[in-house]
Structure formats: C-alpha cells, structure tokens
Amino acid sequence: MVGPAAKRAAVAYACEGHGLSERRACQVIEADRSSVRYRSLRPDDPVLRGRIRELACERRRFGYRRLQVLLQREGIHMNHKKFRRLYCEERLQVKRRGGRKRALGTRRSMVLPLAPNQRWSLDFVSDAFTDGQRFRILAVVDDFSRECLALEPDTSLSGIRVARELDVIIARRGKPTTCVSDNGTELTSMAILKWSQERKVEWHYIAPGKPQQNAFAESFIGRFRDECLNETLFTSLAEVRAVLAEWRDDYNQTRPHSSLNNQTPIAFARQWGGSPERYGGSTHRPIAQPAQMGQNQNGLYS
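The structure reproduced in this document is the subject of the present report. (Residues numbered from 1 in each chain as written. Predicted model: local features only at pLDDT ≥ 70, side-chain atom pairs only at ≥ 80, totals over all residues. Heavy atoms only, no water.)

## Let's talk about the pairing of strand S3 (residues 148-154)
To keep it simple, the criterion reads: Summary of the burial criterion: residues with accessible area below 20% of their type's maximum are buried, those above 50% are exposed, and those between are partly exposed, where the area comes from a 1.4 Å probe applied to protein chains only. Only DSSP runs of H or I covering at least 4 residues are called helices, and only runs of E covering at least 2 are called strands; the numbering of each starts at the N terminus. Should DSSP find at least two bridges between two strands, the strands are regarded as paired.
By the criterion of burial, S3 is predominantly enclosed, with 7 of the 7 residues buried. Bridge count between strand S2 (residues 134-142) and S3: 6 bridges; the pairing is antiparallel. In the strand pairing of S3, Leu138 is matched with Glu152.

And the structure:
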C-alpha cells in the first residue's frame with residue numbers, strides 16, 4: 001500500500017470485513033483519517049474522454065502528444081499532465097511494435113451484437129488422427145444467433161486459407177460488421193490484414209491471455225470437443241470433413257440451445273428475417289481448397 005487510494009481500499013476492507021471502526025482501521029494501517037475520508041472533486045470530463053477515444057481510434061499509432069495537438073487544433077486546450085492522465089485512464093497507450101508487420105485490430109471496446117451477421121468469432125481447435133498425426137479445425141460462430149458458420153479441418157491452416165474460407169461464408173450469407181479472434185499468427189498475418197482492409201470488415205483482437213473475451217467461440221469449442229471430437233476416432237481428413245459437416249448440420253438445425261430459450265440457432269436466426277437459403281443447411285457448401293506447397297501466395301484469396 002504505497003498510495004492513498006490503496007490505503008482507502010484497505011481501510012474499507014478492514015471495516016466491512018472485520019467490523020473495525022474507521023479510527024481503529026486507520027491506526028492499524030497507519031493511514032491518515034483525512035486522507036481516507038477525502039473525496040475527489042475533479043470533474044469526470046465525459047465529453048472530452050469521448051473525443052480522445054474517437055481520435056485514438058482514427059489515429060491508432062498516435063501517442064498522447066500528437067493526439068493533444070489534434071485537440072488543440074479543434075480549440076480544446078489543457079495541461080499536458082491532465083491530458084496524459086485521461087489518456088492513460090482510457091487505456092489508449094500505443095504498444096511498441098516488434099518483428100514483422102501484423103494485423104492490429106481496433107482499440108475500441110466491443111458491443112454486443114443486436115442481429116445476426118453483425119459479429120463473427122473465430123478460433124482454432126486441435127485434434128489428432130488415430131496414427132497420431134495432428135490436424136486443426138477453424139471454427140467460425142455467429143455471436144448473436146450462436147450458429148456455427150464453418151468447421152474447416154486441415155493439417156495446415158494459414159492466414160490465406162482463413163481468408164478464403166471467410167470469403168466462402170460471405171458469398172453464402174453476406175458480410176459481417178466485425179470479426180473477433182485471438183492473437184494467433186494465422187489471424188494476425190498480412191493476409192488477414194489485407195483481407196480486412198479490402199472487405200472493409202473491422203477486426204477485433206482480444207487482449208493476450210484473456211480467452212474469456214472470445215467467449216462465444218470458446219463456449220462453442222467446448223461443446224464441439226465434448227459432443228463430437230471426444231466421441232469420434234478419425235482415420236483420414238475426408239472422414240473428418242464428413243463427420244464435421246453432419247455434426248454442424250445437427251448443431252444448427254436440431255440441437256436445442258439453452259441461451260436461445262432452447263431454440264436451434266437456425267430457428268432463432270430466421271426470426272430476424274433471414275431467408276431459408278441464407279440460414280439453411282451446410283452439407284453441400286463448397287470447401288475452400290488448400291494452398292499449394294511452395295507457391296507464392298501474396299495477395300491471393302481464391
């Protein structure tokens with residue numbers, strides 16, 4: 001406890017958790033009672049904070065000094081120490097880049113989707129054939145309807161392959177507003193950065209070490225592993241594709257979903273004006289072909 005805020009929190013805990021009086025708690029923690037009773041009169045400046053966030057989203061690589069210059073051009077003047085305090089409280093600090101260029105996502109907070117096709121979540125799940133060879137599966141989920149949009153397995157899934165698979169989904173049901181993923185190398189590659197810019201789809205990366213921020217995909221993968229992967233032994237990639245297509249159809253069209261009042265994802269999505277073709281089955285959908293080995297794939301998505 002090296003600051004007044006920490007001491008105020010400790011005194012409050014001692015009073016509430018152990019029934020001590022404020023005077024006794026201050027004596028034990030060696031905190032001044034006037035400091036504990038102090039309440040800040042500093043204004044919250046919500047309008048100013050909102051404008052700082054807007055500028056930080058428009059100029060993602062600008063630090064607080066350049067952002068303050070932009071505000072000064074708009075006629076908003078303040079002490080640089082106050083501006084830096086607000087900038088840090090909004091957690092807009094720019095991280096220093098290192099290594100190769102990667103896709104960066106937005107610094108804005110996510111909002112819950114209000115209709116199907118507004119936000120998709122992506123993640124990978126790993127499994128093995130009976131001979132021990134590993135393979136991976138790309139899972140794409142609609143966060144609003146909980147519909148599984150894709151389960152694409154292969155022994156190698158690059159950023160270019162992910163972009164092609166997303167194009168297949170878009171051709172079937174339209175373009176999303178936002179995609180959410182973790183910071184894996186496939187999803188932060190130049191292929192995904194170029195795809196996001198060309199398709200004008202916002203990409204949001206969760207904070208490192210915070211899988212709960214990608215909760216829709218993590219929840220789906222938990223059910224998928226428990227109900228399908230752990231129940232099946234796979235001997236070939238063709239068998240994996242067939243089993244996954246059958247399970248995906250069952251998940252979307254038959255399996256009741258508790259968070260949707262025990263409706264299926266397809267039935268729930270159709271309540272929001274979706275056509276049968278848009279929210280239909282997935283057995284006969286086209287499969288994105290894997291990239292050829294040793295071929296230069298820069299900028300190719302099909």
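## Let's talk about the packing of aromatic side chains
Selection criterion: Pairing of aromatic side chains requires ring centres within 6.5 Å, counting the rings of Phe and Tyr and the six-membered ring of Trp. Pairs whose planes differ by under 30 degrees are stacked, by over 60 edge-to-face, and all others tilted.
Within the structure shown, the criterion is met by 11 aromatic pairs. Between Trp203 and Tyr205 the ring centres are 6.3 Å apart and the planes differ by 35 degrees, which places this aromatic pair in the tilted class. Residue classification places Trp203 among the buried residues on the basis of a relative accessible area of 5%. Clustering of aromatic rings is evident, with ring pairs tying together Phe220, Phe224, Trp247 and Tyr251.

## Section: the sheet that holds S3
Pairing between sheet strands relies on hydrogen bonds along the backbone, with the strands arranged either parallel or antiparallel. The cut-off we apply is this: Structural elements are reduced to axes, namely lines fitted to C-alpha atoms, with helices fitted over the stretch in contact, and the angle between N-to-C directions of any two is expressed from 0 to 180 degrees. By the convention used here, residues are in contact when the closest approach between their heavy atoms is within 4.5 Å.
Taken in spatial order, the 5 strands line up as S3-S2-S1-S4-S5 in an open sheet, and their pairing is mixed. Looking at the sheet topology across the chains shown, the edges are occupied by S3 and strand S5 (202-205). Recorded for the sheet is a direction-independent mean angle of 20 degrees between the axes of neighbouring strands. Bridge count between strand S1 (residues 119-128) and strand S4 (residues 178-181): 3 bridges; the pairing is parallel. Bridging across to S4, Trp120 finds its partner in Cys179. Against the sheet, helix H10 (residues 237-253) contacts S2 and S3, and its axis sits at roughly 170 degrees relative to S3.

## A short note on the pattern of salt bridges
Once the charged atoms of two side chains with opposite charge are near each other, the side chains can pair. Operational definition: The salt bridge definition used is simple: a Lys or Arg side-chain nitrogen within 4 Å of an Asp or Glu carboxyl oxygen.
Scanning the entire structure with this criterion turns up 22 salt bridges. Between Lys82 and Asp45 there is a salt bridge, with its nearest N and O atoms 3.2 Å apart. Taken as a pair, Lys82 in helix H6 (residues 80-89) and Asp45 in the loop between helix H3 (33-37) and helix H4 (46-58) lie far apart in primary sequence, 37 residues in all. Looking at Lys82, the relative accessible area reads 30%, which means it is partly exposed. Of the residues examined, Asp45 reaches a relative accessible area of 18% and is grouped as buried. For Asp154, the salt bridge identified is with Arg161, shortest N-O distance 2.6 Å. As far as the burial class goes, Asp154 and Arg161 line up, both buried. Via salt bridges that share partners, Asp44, Arg49, Arg53, Arg85, Glu89 and Glu90 belong to a single interconnected network.

## Describing the nonpolar core
Going by this rule: The set of buried Ala, Val, Leu, Ile, Met, Phe, Trp, Tyr and Cys residues whose side-chain atoms join them within 4.5 Å is what this entry labels a nonpolar core.
If you look at the biggest cluster of nonpolar residues, it comprises 20 residues, and the most contacted ones within it are Trp120, Leu122, Val140, Val162, Leu166 and Trp203. Elements represented by at least two residues in this core include exactly S1, S2, S3, helix H7 (159-173), helix H8 (190-199) and S5. The greatest single-element share of this core, amounting to 5 residues, is contributed by H7. Within the second largest apolar cluster, 18 residues are counted, among which are Leu151, Phe224, Leu229 and Phe234.

That's the geometry; what it means functionally is another story.
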